[in-house]
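One-letter residues, chain by chain:
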Amino acid sequence: MSKTLIRGARILGGEARDVLIDGTVVERVDTGIDAPGATVVEAEGQILLPGLVDLHTHLREPGREDSETVLTGTRAAAVGGFTAVHAMANTFPVADTAGVVEQVWRLGRESGYCDVQPVGAVTVGLEGKQLAELGAMHDSAAGVRVFSDDGKCVDDAVIMRRALEYVKAFDGVVAQHAQEPRLTEGAQMNEGIVSSELGLGGWPAVAEESIIARDVLLAAHVGSRVHICHLSTAGSVEIVRWAKSKGWNVTAEVTPHHLLLTDELVRTYNPVYKVNPPLRTEADVLALREALADGTIDCVATDHAPHPHEDKDCEWAAAAMGMVGLETALSVVQQTMVDTGLIDWAGVADRMSVRPAQIGRLAGHGRPVSAGEPANLTLVDPAYRGVVDPAGFASRSRNTPYQGRELPGRVTHTFLRGRATVVDGNLA
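To keep things clear, this report deals only with the structure shown in the data block.

**A few points about the overall build of the chain**
Of regular secondary structure, the chain possesses 12 helices and 19 strands. Relative to its length of 428 residues, the chain is compact, with a C-alpha radius of gyration of 21 Å against a globular reference of 22 Å. With the C-alpha coordinates of the chain rotated into their principal frame, the extents come out at 65 × 45 × 45 Å. A separation of at least 24 residues holds for 74% of the contacts in the chain among residues at least 6 apart in sequence.

**What about the pairing of strand β5 (residues 47–50)?**
Consecutive side chains of a regular strand alternate in pointing toward one face of the sheet and then the other. Alternating residues of β5 divide into Ile-47 and Leu-49 and Leu-48 and Pro-50, and every residue in both groups is buried. Across 2 bridges, the pairing between strand β1 (residues 3–11) and β5 is parallel. Residue pairing in the sheet places Arg-10 in a bridge with Ile-47 of β5. Sheet topology note: the β5/strand β16 (residues 377–387) ladder contains 4 bridges and is antiparallel. Opposite Leu-48, over in β16, you have Leu-379 as the bridge partner.

**Some details on the environment of Arg-161**
Structurally, Arg-161 can be placed in helix α4 (residues 157–167). In sequence terms Arg-161 and Leu-218 are 57 residues apart; their C-alpha atoms lie 6.2 Å from each other.

**Remarks on the side chain of Glu-61**
With respect to the helices and strands, Glu-61 occurs in the loop between β6 (52–57) and α1 (70–79). For Glu-61, which is buried and forms no salt bridge, the nearest opposite charge comes from Arg-396, at a distance of 7.9 Å. From its side chain, Glu-61 meets the backbone nitrogen of Val-70 in a polar contact 2.9 Å long. Not counting residues up to four positions away in its chain, the partners in contact with Glu-61 are Glu-68, Thr-69, Val-70, Thr-91, Val-104 and Leu-107.

**Brief notes about the sheet that holds strand β8 (residues 115–118)**
Strand order in the open sheet formed by 3 strands is β6-β7-β8, with parallel pairing between adjacent strands. Looking at strand neighbours, the two that pair on one side only are β6 and β8, the edges of this open sheet. Here the average twist between neighbouring strands, direction ignored, is 20°. Where β6 lies against strand β7 (residues 82–87), 4 bridges are found, and the strand directions are parallel. Within the sheet, the bridge partner assigned to Asp-54 lies in β7 and is Val-85.

**Details of the sheet that holds strand β14 (residues 250–254)**
Here 5 strands make up an open sheet; going across it, the order is β9-β10-β13-β14-β15 and the pairing parallel. Of all strands in the sheet, those with a lone pairing partner are β9 (146–147) and β15 (299–300), marking the two edges. Pairing of strand β13 (residues 226–228) with β14, which is carried by 3 bridges, proceeds in the parallel orientation. Bridging across to β14, Ile-228 finds its partner in Ala-252. Helix α6 (residues 205–222) contacts β10 (173–176), β13 and β14 of the sheet and is inclined by roughly 160° relative to β13.

**Topic: α6**
Side chains three or four residues apart in an α-helix point the same way, a direct result of the helix having 3.6 residues per turn. Helix length check: α6 (18 residues) gives 26 Å between terminal C-alpha atoms against 26 Å at 1.5 Å per residue, within 8%. Looking at the buried residues of α6, the elements they touch are α4, β10, β13, α7 (234–245) and β14. Once α6 ends, the next one or two residues include Gly-223, with phi positive near 70°.

**Comments concerning the packing of aromatic side chains**
Enumeration according to the criterion identifies 3 aromatic pairs in this entry. Here the aromatic rings of Phe-147 and Phe-170 are separated by 5.9 Å at their centres, their planes lie at 55°, and the arrangement is tilted. Residue Phe-147 is located in strand β9, and its partner Phe-170 is located in the loop between α4 and β10; the two are separated by 23 residues in the primary sequence. The exposure classification of Phe-147 matches that of Phe-170, with both residues buried. Relative to Phe-170, the ring of Tyr-166 has its centre 6.4 Å away and its plane inclined at 65°; by these criteria the two rings are edge-to-face. The buried category is assigned to Phe-170, whose relative accessible area is 12%. In textbook terms, an aromatic cluster arises when at least three aromatic residues are bridged by ring pairs, as seen for Phe-147, Tyr-166 and Phe-170. Over the ring of Tyr-384 we find Arg-410, and its NZ or CZ is 5.1 Å from the ring centre.

**Looking at the side chain of Gln-176**
Residue placement: Gln-176 occurs in strand β10. Side-chain polar atoms of Gln-176 contact the backbone oxygen of Val-154, separated by 3.1 Å. When sequence neighbours within four positions are dropped, the list of residues in contact with Gln-176 reads Cys-153, Val-154, Met-160, Ile-211, Arg-214, Asp-215, His-227, Ile-228 and Cys-229.

**Quick look at the pattern of salt bridges**
Between side chains of opposite charge, a pair can form when the charged atoms approach closely. Scanning the entire structure with this criterion turns up 23 salt bridges. A salt bridge links Arg-225 to Asp-171, with the nearest nitrogen and oxygen atoms 3.4 Å apart. In this pair, Arg-225 is assigned in the loop between α6 and β13 and Asp-171 in the loop between α4 and β10, connecting sequence segments 54 residues apart. Look at Arg-225 and you get buried, because its relative accessible area is 7%. The residue Arg-355 makes a salt bridge to Asp-298 at a minimum N-O spacing of 3.3 Å.

Each value, and the rule that gives it
Residues numbered from 1 in each chain as written. Predicted model: local features only at pLDDT ≥ 70, side-chain atom pairs only at ≥ 80, totals over all residues. Heavy atoms only, no water. Helix = DSSP H or I, 4+ residues; strand = E, 2+ residues; numbered from the N terminus. Rg over C-alpha atoms; globule rule 2.2 N^0.38 Å. Contact = heavy atoms within 4.5 Å. Buried < 20%, exposed > 50% of the residue type's maximum accessible area, 1.4 Å probe, protein only. Pairing = 2+ DSSP bridges. Lys, Arg positive; Asp, Glu negative; His and termini not counted. Salt bridge = Lys/Arg side-chain N within 4 Å of Asp/Glu carboxyl O. Polar contact = N/O pair within 3.5 Å; in protein donor to acceptor, adjacent residues only side chain to side chain. Axes fitted to C-alpha atoms, helices over the stretch in contact; angles between N-to-C directions. Expected span 1.5 Å × (residues − 1). Phe/Tyr/Trp six-rings, centres within 6.5 Å; stacked < 30°, edge-to-face > 60°. Lys NZ or Arg CZ within 6 Å of the ring centre and 35° of its normal.

Rendered as structure tokens:
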């Protein structure tokens, strides 16, 4: 492979440096690097980050290729600055066997736009009744380390305990979709003032918080790792903060949309705002931002949930839950966390690359931008301002809540092991 010289980038928002990529690795980081014959990327004023890592992506393949495929989803990921994504298990068939996770893993390798690490189901068919082939999925070529029934909660405490005990053998983690099903029957949005005024079934915060409380206690009891998916309430933050104060092995993620959007948007009855867990209150949003800033919440995960037009362009009650998020995640984090002064760009690298790679035990990602490290890199123009137009998305689906909204920042280049997958904001 030829060499690439990134000239004048601010690594993690610090002083400007030149970065020379040779093949798949970073060869040198310095000032005034001269590299005859290298492809030069002029990056003055831009931020250089380690490639972003998403712990929570729905790629839909196999089974729902009308929504997304591994190819289109990884293209969207690259445009958003991601060099690795964790593909959730709620496909058709469910990724609950070694065969299915290997299929997804191989499709990711073939796509070449970012690494795809499959997430295995905790239970057979996501039915919550019988543990899936956790060991076989880990021992497969995919090397699964994260297991989740996301989309559904592992609500049976005995099954959850068994899963936590099982994954200890290979340092795996169970990622829980915290939703007590009986407390959310018929729920359409966050339970509160807005749901009462609109007459929509309420989704109480305690439905999330009660499961989190149970699961951190279970994880502590068996000495295992539990990860909380898409944390959305102030009460959930306090439970995770308490668990961490005990030294328990608990991690948590927050989505970009829960850092920015509130349940007030549901007053429009636009199904693009229908998501699981639901958009919460302004007080919840502020608590989530503070928790991400102080490290109580470990990372940002997109919960990229593509749906075809017909599944979202309908009445609210019938609409599918979920939003696409890979291509806008970094911009939302810049607006809510960086531009507000809550974290700096080094904090963005920590929350969107380093920590998710550590939680997923994903080698080669979330590494420092330094000589000898894999050249998985993201270059960002923080001064850019643009209006979101889903017609230009690389994703197959268009269900974004940000259509027509101006967001800051743009990924100009993404490098996967030294190869540019995005150049000047466009797929290479």
